[in-house]
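A closer look at the structure
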Amino acid sequence: MPKTEPAQENLRQAVSNGQQMLAHGAFKEALEQAKEIQKIHPNEPNSLLIKAIALRELGMQGEALGLITSLCDERPDFALAQHELGVTLYRQQDITGAIASLSRAVKLEASLNPAWNLLHELYLAINEPEKAQEAQNHVLMNSTRHPMLVEAVDAFGQKKMAIAERLCRNYLQEFPDDVSAMRLLADVGIQRGSYDDAEELLARCLELAPDFNLARHNYAHALSRREKFDEALHQISILEHKAPGQLSHQTLKASIFARKGDMQEALILYANLVQKIQNQPSLYTSYGHALRTAGQQSQAIDVYRKAIDIDPKFGEAYWNLADLKTFRFTDQDIEAMETALHDTTVELTHRFHLHFAVGKALEDRQEYRRSFGHYQLGNEVKRRIERYDADETSSNADRNIATCTQEFFAARKDWGEVEPAPIFIVGLPRSGSTLLEQILASHSQVDGTKELIYIIAMARQMSERHNKKSPSKYPQALLDLSQEQVIALGKKYLAQAAGQRGDAPFFIDKMPNNFQHIGLIQLILPNAKIIDARRHPAAACFSGFKQLFAQGQSFTYGLSDIGRYYSDYVRLMDHWHTVQPGKILQVNYEEVVVDLETQVRRILDFCQLPFEENCIEFHRNERAVRTASSEQVRQPIYRSGLEAWRPFDSYLGPLKDAVGELWETPR
């Protein structure tokens, strides 16, 4: 045997001893062990790593950072050192540096789950959920050897949700208590908007594994999306007790408060987070959204600007500025956006945000040809992502018309919950629904809420549809409901909405897509008021086409698609007016703008409310507004938007063809 072997064996044993000391929290002993090794092997990388970790855990952060940075410079291929550098930077709240180091670590060693886990936590903290999910997928991929689950994770990563769901369900039939598979299936549900399924799966996860913090975090998120805010915040309090100091919990908590409408708490949390997590543009944009919702526009602009200062190619921040509607870009802004668009490394998400923002900037400058070009490019990218099916919308309208007939309503007259509190505002987005909501919410007897999800959630649950290929049982399922079930659904809706309203006798639900569910609404809440916010198809459709929605409204990303959607909407509304005459008030946006007081009185009369001057002075209402029109409804009524589509008229051929006769003779 060569003489060097005993010395090498002694070194390996000494390093192993040091690592065991670290694992058992004996940091002083580990530090001494590292120093002893260095007396003989002064540049041995593993002993230097042990020393750096021990120094960090003993509170000597500066020494630890200097040592481990030098080690990474000397050994850039040392994955464990890159990981520990990431941990050290994280402890010093250098989140950008930590993410960079951890990313290098997993690039060197893809099976390094501790680095993936911390990346997951940090991406959640800076509000990058897709990257967080990707990191967690790597953890699961590294942790499982079952080919079916590996294939499910791979399908999820490729956004093939139907395949991922099928594989997860098949796997869980064989291994029903595998909490990792349950969590993955719940994440599929969250991605597809099936938050009720996700909630049930994650609740079961936590029954089996109460310390599964990732599942609890996702459970809080699912509860928030279902607007069970108090329950979601309770889950956050459990996480804070189990894992104190994790910034991801604070980020989720801030978003829950914002969704709940408690903007004061949300703003406090976001202000603290951007102090702790600096130089992260996505977190600044979340903070900006909260400021905007609270009506603090100038502060929101400053925060969006900060995001751009951090990353001049961060398209979302530019779009956030454009989406303020009243904001105007400078020459330098436009040049910066166009420069970013010429950079082929810019992520797809930022690219379509940039196209929409440049489109708005050029429209404001009356450069309509170039403006439309950018709107078109942004929509083309978004349409490929959304994969909207116009035939499905037409089919849904057909089924509603066939199911919810005059005979259907006559046989179920006065079946539902008689409470008259809800006022539903339906229609297309960008058709004046936020203006009508602001007018009504300025009345002393009416609470403004937001676009409530509860009716859509009921319809989705009745559909019993788990993926796009499976047939829907809705609205035909309405035929099978008993009177007791109908009343129970009405009471359920009111109970769900209770957390969103104040003490006023009436409240508004302005989910525009509820026009597809007026049959359900009239069945379970026969005394509810329904207002149809109508706008000329050219204005409504083009306004939707140039609007980049945070989520949903996938029909808006193609002129033909949005035209067909408008036609189906009018066709279905005509049906509701026929089978439920006098139950729906159509309010044309153009008439509100031209003669505000007459239309306000008409709306209040329909809602059986006395006239109040505050409804005319709606722009003075300081309530939180969450939609794209938030800045516009904080101004007095104006007419400039009525004909905003006309300069683009020559580009709207596909829209005109899809809308047909409604273009010239709108109803």
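The structure we're discussing is the one just above.
Residue numbers run consecutively from 1 along every chain, following the written order of its sequence. pLDDT decides what is reported in this predicted model: residues at 70 or higher carry local features, side-chain atom pairs at 80 or more are listed and counted, and totals for whole chains, interfaces and linings draw on all residues regardless. Only hydrogens and water are removed before side-chain values are computed, so all heavy atoms of the structure are retained for them.

1. Brief notes about unusual backbone geometry
Residues Tyr-474 and Pro-475 are joined by a peptide bond in cis, for which omega reads 10 degrees. Elements are defined by DSSP. Helices are runs of H or I of four residues or more, strands are runs of E of two residues or more, and each kind is numbered from the N terminus. Examined against the element boundaries, Pro-475 turns out to sit in the loop between α26 (454–463) and α27 (483–498). One non-glycine residue, Lys-159, lies in positive phi territory at about 65 degrees. Among the structural elements, Lys-159 can be located in the loop between α9 (147–157) and α10 (161–174). Positive phi, normally seen in glycine, also occurs at Glu-227, with a value near 65 degrees.

2. A look at the side chain of Glu-417
Secondary-structure assignment places Glu-417 in the loop between α24 (406–411) and β1 (422–427). Partly exposed describes any residue whose relative accessible area lies between the buried limit of under 20% and the exposed limit of over 50%, with all areas from a 1.4 Å probe on protein chains only and scaled to the type maximum. Of the residues examined, Glu-417 reaches a relative accessible area of 12% and is grouped as buried. There is a polar contact of 3.1 Å between the side chain of Glu-417 and the backbone nitrogen of Glu-419. At 2.8 Å, the side chain of Glu-417 forms a polar contact with the side chain of Lys-491. The contact rule is simple, with two residues in contact once any of their heavy atoms fall within 4.5 Å. Setting aside its immediate chain neighbours within four residues, Glu-417 contacts Ile-487, Gly-490, Lys-491, Leu-494, Ile-524, Leu-525 and Pro-526. Here a polar contact means two N or O atoms within 3.5 Å. Within protein one must be a hydrogen donor candidate and the other an acceptor candidate, and residues neighboring in sequence count only if both atoms are side-chain atoms.

3. Some details on α10
Since the α-helix turns once every 3.6 residues, residues separated by three or four places project in the same direction. Given the number of residues in a helix, its expected span is that number minus one, multiplied by 1.5 Å. The end-to-end C-alpha distance of α10 is 20 Å, a good match for the 20 Å that 14 residues give at a rise of 1.5 Å each. Among the residues of α10, Met-161, Ala-164, Glu-165, Leu-167, Cys-168, Tyr-171 and Leu-172 are the ones counted as buried. In this structure, the buried side of α10 is in contact with α9 and α11 (179–192).

4. Regarding the packing of aromatic side chains
Stacked, tilted and edge-to-face are the three classes applied to pairs of Phe, Tyr and Trp rings, where Trp contributes its six-membered ring and a pair requires centres within 6.5 Å; stacked means planes under 30 degrees apart, edge-to-face means over 60, and tilted covers the rest. In total, this model carries 25 aromatic pairs according to the counting rule given. Relative to Phe-329, the ring of Phe-327 has its centre 5.1 Å away and its plane inclined at 80 degrees; by these criteria the two rings are edge-to-face. Residue Phe-327 shares its accessibility class with Phe-329, and that shared class is buried. When the ring of Phe-372 is compared with that of Tyr-651, the centres are 4.8 Å apart and the planes differ by 10 degrees; the resulting orientation is stacked. One end of the pair, Phe-372, is in helix α22 (residues 368–386); the other, Tyr-651, is in the loop between α32 (596–606) and α33 (653–659), and 279 residues separate them in sequence. Ring pairing ties together the aromatic residues Trp-319, Phe-356, Tyr-368, Phe-372, Tyr-375, Phe-542, Phe-545, Tyr-557, Phe-648 and Tyr-651, which thus form one cluster. Charge-over-ring contacts are defined here by two conditions on Lys NZ or Arg CZ: a distance within 6 Å of the ring centre and an angle within 35 degrees of the ring normal. Arg-75 extends its terminal NZ or CZ atom over the ring of Phe-78, reaching a point 5.5 Å from the ring centre. If you follow Arg-412 out to its NZ or CZ, it ends over the ring of Trp-415, 5.7 Å from the centre.

5. Section: the layout of surface pockets
The volume enclosed by the second largest pocket comes to roughly 410 Å³. In this analysis, the protein atoms alone were mapped onto a 1 Å grid. Cavities are point sets where a 1.4 Å probe fits without being able to get out; pockets are open sets with protein on both sides within 12 Å along at least five of seven lines; lining residues have an atom within 4 Å of a point. Taken together, 18 residues form the lining of the second largest pocket, with Glu-128, Lys-131, Gln-280, Pro-281 and Asp-311 sitting closest to its centre. Elements supplying a minimum of two residues to the lining of the second largest pocket: α6 (95–108) and α17 (281–293). No other element matches α6, which puts three residues into the lining of the second largest pocket. Residues are sorted three ways: Asp, Glu, Lys and Arg are charged, Ala, Val, Leu, Ile, Met, Phe, Trp, Tyr, Cys and Pro are nonpolar, and all the rest, Gly among them, are polar. Grouping the constituent residues of the lining of the second largest pocket by class yields eight nonpolar, five polar and five charged. Grid points are joined across faces, edges and corners, and a volume is the space filled by probe spheres set on the points.

6. So, the nonpolar core
Put simply, a nonpolar core is a bunch of buried Ala, Val, Leu, Ile, Met, Phe, Trp, Tyr and Cys residues held in one set by side-chain atoms that sit within 4.5 Å of each other. Counting 196 residues, the largest nonpolar core has Phe-329, Met-337, Met-462, Leu-478, Tyr-493 and Trp-576 as the members making the most contacts within it. At 10 residues, the largest contribution of residues to this core is made by helix α30 (residues 559–579). Discounting residues that sit within four places of it in the chain, Trp-576 has contacts with Asn-400, Cys-404, Phe-409, Phe-515, Gln-516, Ile-518, Gly-519, Pro-581 and Ile-584. Membership of the second largest hydrophobic core comes to 28 residues, among which are Leu-585, Val-592, Cys-615 and Phe-618.

7. Comments concerning empty space enclosed by the protein
Tallied over the full model, the rule gives two cavities of 30 Å³ or more. What the largest cavity holds in volume is close to 80 Å³. If you trace the largest cavity, you find 11 residues lining it, with Glu-165, Arg-169, Gly-189, Ser-194 and Asp-197 closest to the centre. Elements with a minimum of two residues in the lining of the largest cavity: α10, α11 and α12 (195–208). With four residues, the single largest contributor to the lining of the largest cavity is α11. Classifying every residue of the lining of the largest cavity gives four nonpolar, three polar and four charged.

8. Focus on the pattern of salt bridges
Each reported salt bridge corresponds to a side-chain nitrogen of Lys or Arg within 4 Å of a carboxyl oxygen of Asp or Glu. Tallied over the full model, the rule gives 41 salt bridges. A salt bridge links Asp-323 to Arg-292; the nearest nitrogen and oxygen atoms lie 3.0 Å apart. Of this pair, Asp-323 sits in the loop between α19 (315–322) and α20 (331–341) while Arg-292 sits in helix α17, and the two are 31 residues apart along the sequence. The exposure classification of Asp-323 matches that of Arg-292, with both residues buried. One continuous salt-bridge network, built from bridges that share partners, spans Arg-56, Glu-57, Glu-84 and Arg-91.

9. Focus on the packing of α20 against helix α21 (residues 348–364)
Where α20 contacts α21, the two axes come as close as 10 Å, and the packing angle between them is 145 degrees. Remark: the crossing between α20 and α21 carries left-handed chirality. From α20, Ile-334, Met-337, Glu-338, Ala-340 and Leu-341 reach across to α21, where they touch Arg-351, Leu-354, His-355, Ala-357, Val-358 and Ala-361. Here the contact of α20 with α21 is composed, by residue class, of eight nonpolar, one polar and two charged. Only the stretch in contact is used when a helix axis is fitted, and all axes are lines through C-alpha atoms; the angle between N-to-C directions ranges over 0 to 180 degrees. We call a crossing left-handed when the near helix sits turned anticlockwise from the far one by less than a right angle, and right-handed when that turn is clockwise.

10. Comments concerning the environment of Tyr-318
Tracing the backbone through its elements, the reader meets Tyr-318 in helix α19. A C-alpha to C-alpha distance of 6.0 Å links Tyr-318 and Ala-357, two positions 39 residues apart in sequence. With sequence-adjacent residues up to four places away left out, Tyr-318 is seen in contact with Ile-308, Pro-312, Phe-329, Asp-333, Ala-336, Met-337, Leu-354 and Ala-357. Of the polar contacts made by the side chain of Tyr-318, one reaches the backbone oxygen of Pro-312; its length is 3.3 Å.

11. Some points on the side chain of Gln-516
With respect to the helices and strands, the residue Gln-516 is situated in the loop between β3 (506–509) and α28 (518–524). Beyond its immediate stretch of four places on either side in the chain, Gln-516 contacts Asn-396, Asn-400, Tyr-474, Tyr-565, Leu-572 and Trp-576.

12. Some remarks on helix α2 (residues 27–40)
In a regular helix each residue adds 1.5 Å, so 14 residues correspond to 20 Å; α2 covers 21 Å between its end C-alpha atoms and thus fits that length. Taken as a whole, α2 has its buried residues at Ala-30, Leu-31, Gln-33, Ala-34, Ile-37 and Gln-38. Projected down its long axis, α2 carries its buried residues within an arc of 160 degrees, all on one side. Exposed side of α2, more than 90 degrees from the buried face: Lys-28, Lys-39 and Ile-40 are the residues found there. Our arc is simply the arc of the directions from the helix axis toward the C-beta atoms.

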